[in-house]
Amino acid sequence: MTSKSFLILTVLISCVAITLSSTNSNYPTINLANLRNFLESVKPYSDLSNAFYSVKGLELLGEKFQPQTQAEICNLVKLKIDKNSIESVFFGLSLASSVPNCVLPNAEYQATINKAASSKKVADLYYYSQVAKTAKQPIDSKVLSKSVIDALKTDSSILNQGYALHIASLLSEGQKTLFDMIEDILEQADEVDKKFLQYEGGVGTTSLVLDGIFELCAKMKQFSPKFDQAKLTKFVNYLTSKRSPTNARSAYFLLKASLKLTDNQFHIPLVLNRLSSVSVSSDQPNLLISITNLVGASVKQVKLDVDALSAKSSKSTLLSAFS
């Protein structure tokens, strides 16, 4: 996935329904091989949390685990799962779903699952919804939607709002109020140096929120009109500047968000990197740039408008996108 498209001066190719947004990023793309290596470095697994983020991240990258690794994961789940913690039950059941024939005593966890379903904490409701999805248990969407909205009145941290977006993407009804929150969520992002947009909690939380926005928009079949290209560019700049995460959770959510930004029905940001001088003239008429998606893969359908500024004194043309 490291191949690139190269552009000499201009590109004008018809674009499909999605918008391919030029980010003119000054930062390298997110290297999937580096993320893979980091997620691999978490082994051998000693706790369910790191195991979950590593295993699920590697699965997103197409990893197929050997029988010995599968057995180690299943044994870890049976040893470490806490049947009284919905977070632990979520990690455990999710990991077990990645391993063939890893049978757990699911009935022992049902009391914890039921308790989480009526919790007044957003995090509990998030883990409950994910467990229900993994275990293919029905969700009362109307009740869960109301519970999430009520819980946010008590604690509306940006992390909880991100959780709420993911919960809403699983509901069959009652998502409208949570979808309408996206506009306010976007306004809560911290702008740094007029280049970056990020959320408190760093790259893991920022990635979780972005992934949640795109998941819920896909569910609602509409994109928030307030999420314009300027905001998208600054979020992408932030993600690429934090391409070397320091923990498994951040690596997992960064990977999820990055892959979402390369495959969705709304906006796919492009990363443009100049490979030659910014100036073009009769002696040097070509400007060479690379065009890739966020993870460095080539893009097939692009419509790129390049604005040129004439500089009469030097008889050269400067492309404003790279000035």
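About the criteria used
- Residues numbered from 1 in each chain as written.
- Predicted model: local features only at pLDDT ≥ 70, side-chain atom pairs only at ≥ 80, totals over all residues.
- Heavy atoms only, no water.
- Disulfide = S-S within 2.5 Å.
- Helix = DSSP H or I, 4+ residues; strand = E, 2+ residues; numbered from the N terminus.
- Buried < 20%, exposed > 50% of the residue type's maximum accessible area, 1.4 Å probe, protein only.
- Axes fitted to C-alpha atoms, helices over the stretch in contact; angles between N-to-C directions.
- Left-handed = near helix turned anticlockwise from the far one by under 90°.
- Contact = heavy atoms within 4.5 Å.
- Nonpolar A, V, L, I, M, F, W, Y, C, P; charged D, E, K, R; others polar.
- Arc of directions from axis to C-beta.
- Core = buried A, V, L, I, M, F, W, Y, C linked by side-chain atoms within 4.5 Å.
- Phe/Tyr/Trp six-rings, centres within 6.5 Å; stacked < 30°, edge-to-face > 60°.
- pLDDT = per-residue confidence, 0-100.
- Pairing = 2+ DSSP bridges.
- Polar contact = N/O pair within 3.5 Å; in protein donor to acceptor, adjacent residues only side chain to side chain.

Enquirer: Could you clarify how one ought to interpret the state of the cysteines in this entry?
Expert: The term disulfide refers to a covalent linkage connecting the sulfur atoms of a pair of cysteines. Inspection of every chain in the model, using the stated rule, returns one disulfide. There is a disulfide in this structure between C74 and C102, and the S-S distance comes to 2.1 Å. Its torsion about the S-S bond being 90°, the disulfide of C74 and C102 is classed as right-handed. Placement of the pair is C74 in helix α3 (residues 67-80) and C102 in the loop between α4 (86-97) and α5 (110-117), with a sequence separation of 28 residues. The pair formed by C74 and C102 is uniform in burial state, with each residue classed as buried.

Enquirer: How should I be thinking about the packing of helix α1 (residues 32-41) against helix α2 (residues 48-60) in this particular structure?
Expert: Angle between the axes and distance between the axes are the two parameters that describe a pair of packed helices. At their nearest, the axes of α1 and α2 sit 9 Å apart, and the two run at 145° to each other. As α1 packs across α2, the resulting crossing turns out to be left-handed. Across the interface between the two elements, R36, L39 and E40 of α1 pack against Y53, S54, G57 and L58 of α2. Across the contact of α1 with α2, the residue classes break down as three nonpolar, two polar and two charged.

Enquirer: Teacher, can you tell me more about helix α9 (residues 176-187) here?
Expert: Side chains that are three or four residues apart share a direction in an α-helix, a result of its 3.6 residues per turn. For α9, every residue scored as buried is listed here: L178, F179, M181, I182, I185 and L186. In a view along the axis of α9, the buried residues occupy a sector of 140°, so they form one face of it. As for α9, its buried residues are in contact with α7 (141-154), α8 (158-168), α10 (202-220) and α11 (229-241).

Enquirer: Just checking my understanding: could you explain the nonpolar core for this structure?
Expert: Grouped together as the largest cluster of nonpolar side chains are 87 residues, with contacts concentrated most on F227 and L239. When residues of this core are assigned to their parent elements, the largest contribution, eight residues, is made by α10. Dropping the residues within four chain positions of it, L239 is found in contact with I30, V203, S207, L210, L254, L261 and L294. Counting residues in hydrophobic clusters, the runner-up holds six residues, among them L270, L287, I289 and V299.

Enquirer: I tried to follow the packing of aromatic side chains on my own but got confused; where do I start?
Expert: All chains considered together, the criterion is met by 21 aromatic pairs. Plain terms: the ring middles of Y53 and F253 are 5.9 Å apart, the flat faces sit at 55° to each other, and that makes the pair tilted. Residue Y53 is found in helix α2, and its partner F253 is found in helix α12 (residues 248-260); the two are separated by 200 residues along the sequence. With respect to burial, Y53 and F253 carry one shared label: buried. Judged by centre distance (6.0 Å) and plane angle (65°), the rings of F214 and F227 are edge-to-face. Taken together, the residues F214 in helix α10 and F227 in the loop between α10 and α11 connect sequence positions 13 residues apart.

Enquirer: It is not clear to me how the confidence of the model for the protein chain should be interpreted in this structure. Could you clarify?
Expert: Keep in mind that low pLDDT regions are not for reading the predicted coordinates in detail. Chain-level pLDDT for the protein chain is 86 on average; 84% of the residues reach the 70-or-more range. Note that residues 5-22 has pLDDT below 50 and, in this model, 56 contacts with residues that lie over four places away or in other chains. Across residues 309-323, confidence stays below pLDDT 50; counting only partners more than four residues off in sequence or on other chains, it has 32 contacts.

Enquirer: Sorry if this is basic, but what is going on with the pairing of strand β8 (residues 288-292) here?
Expert: The side chains of a regular strand alternate, first on one face of the sheet and then on the other. Counted residue by residue, β8 has four buried out of five residues, so it is predominantly covered. One ladder, built from four bridges, connects strand β6 (residues 267-274) with β8; its direction is antiparallel. Paired with L272 across the strands is I291, a residue of β8.

Enquirer: Would you explain the environment of N160 in this entry?
Expert: Locating N160 in the fold gives a position in helix α8. Sequence separation of N160 and L125 is 35 residues, and the distance between their C-alpha atoms is 10.0 Å. Not counting the four nearest positions on each side in its chain, N160 is found in contact with V122, A123, L152 and D155. There is a polar contact of 3.1 Å between the side chain of N160 and the backbone oxygen of D155.

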